[in-house]
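Okay, here's what each chain looks like letter by letter:
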Amino acid sequence: MSLFDIRQLGGRIGAEVTGVDLSSELSEAVFRQVHEAFLAYKVLFFRDQDISDEDQLRFAGRFGPLTGKHPMMRTVDGAPQVIAVDGEDQRADHWHTDISFTTAPSLGTTLRSVVLPPYGGDTLVANAAAGYKDLPAELREIADRLWAVHTNHAEQPRLGTERGDQVRAAFLARRFEAAHPVVRVHPESGEPSLFLGGFAQWLVGMEPRESRPIIDVLQGYVRRPENTARWTWRPGDVLIFDNRCTQHYAVNDYDAHPRVLHRVSINGEVPVGLDGKRSYALREGE
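Residues numbered from 1 in each chain as written. Predicted model: local features only at pLDDT ≥ 70, side-chain atom pairs only at ≥ 80, totals over all residues. Heavy atoms only, no water.

To continue, consider unusual backbone geometry. In this structure, Ile99 is a non-glycine residue whose phi angle is positive, near 40 degrees. Considering the arrangement of structural elements, one finds Ile99 in the loop between β5 (79-86) and β6 (108-115). According to the relative accessible area criterion, Ile99 is buried, its value standing at 13%. Even without a glycine there, the phi angle at Asp255 is positive, about 55 degrees. (Helix = DSSP H or I, 4+ residues; strand = E, 2+ residues; numbered from the N terminus. Buried < 20%, exposed > 50% of the residue type's maximum accessible area, 1.4 Å probe, protein only.)

Here we take up the side chain of Asp89. You can see Asp89 is positioned in the loop between β5 and β6. Side chain to side chain, Asp89 and Arg163 meet in a polar contact 2.5 Å long. (Polar contact = N/O pair within 3.5 Å; in protein donor to acceptor, adjacent residues only side chain to side chain.)

In this section: the sheet that holds strand β8 (residues 147-151). Spatial strand order, β12-β8-β9-β17: four strands in an open sheet with antiparallel pairing. With one partner strand each, in any of the chains shown, β12 (200-203) and β17 (280-284) form the two edges of the open sheet. Averaged over all pairs of adjacent strands, the angle between strand axes in this sheet comes to 25 degrees, irrespective of strand direction. Judged from the five bridges that link them, β8 and strand β9 (residues 176-181) form a sheet pairing that is antiparallel. (Pairing = 2+ DSSP bridges. Axes fitted to C-alpha atoms, helices over the stretch in contact; angles between N-to-C directions.)

This next bit is on the packing of aromatic side chains. Enumeration over the complete set of coordinates arrives at 11 aromatic pairs. Residues Phe101 and Phe199 carry aromatic rings whose centres are separated by 5.0 Å and whose planes lie at 85 degrees to one another, so their mutual orientation is edge-to-face. Of this pair, Phe101 sits in the loop between β5 and β6 while Phe199 is found in the loop between β11 (192-194) and β12, placing the two residues 98 residues apart along the sequence. The buried category is assigned to Phe101, whose relative accessible area is 2%. Cluster of aromatic residues (ring-pair linked, three or more members): Phe31, Phe38, Phe46, Phe59 and Phe63. One cation-aromatic arrangement involves Arg62 over Phe31; the distance from NZ or CZ to the ring centre is 4.5 Å. (Phe/Tyr/Trp six-rings, centres within 6.5 Å; stacked < 30°, edge-to-face > 60°. Lys NZ or Arg CZ within 6 Å of the ring centre and 35° of its normal.)

And the structure:
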């Protein structure tokens, strides 16, 4: 491969890393640069990687302890920390932050291509810290004081297939609710970001119908095109995004073609707001 390099892809989010082989252990010096880029660019993309589930687990594990078996989603046989993100099971065509309905959402998530459709199926990642910076001062003052309740009992698209219905039923079988600050402080960079996404259903102290317009306005700043990176998958691709300050969206435009990515996530911290208060659970899988 070419010499190690990190190439910025957009003005506000995303970089491509070249010259590394994720099937082998990264040196401390290289990993330090990768980690710094992870914090700076929010999502990193790697092309031309020939790696196994074990390699992906090892790479993700450099960022922190790995998340255990997902409470609702199907995992790979013999590898409970690897989730098969399969278009026959579900299609996450809504902006979201992974498992934000728990008190300690993931630190980050790695994805690698396994089976790709002949067209479509891109992944979009949005910079929620840039969204916060874009807020007018008056709106930022309001957002700074808000808390939102995130739940897995949010909108879950129906595929209309037996397997899709089974996965949807399993995802909704238990109810999780967690209250998070709308503006979260990043535990490593100290950067504030809008911590919302599709699992954020209402604001603390408000009814859902009162909350929705406010959430939608704030979400609009996160989803601005200049705050997003769009990745067209190729065989051998791997990405990792910082789940603490991003949202992502899987574009559902590949018809009935198969699409499978393998996902490995890293354990995260309990979010903290600008006032130092920590997120708390309302329901934990009841």
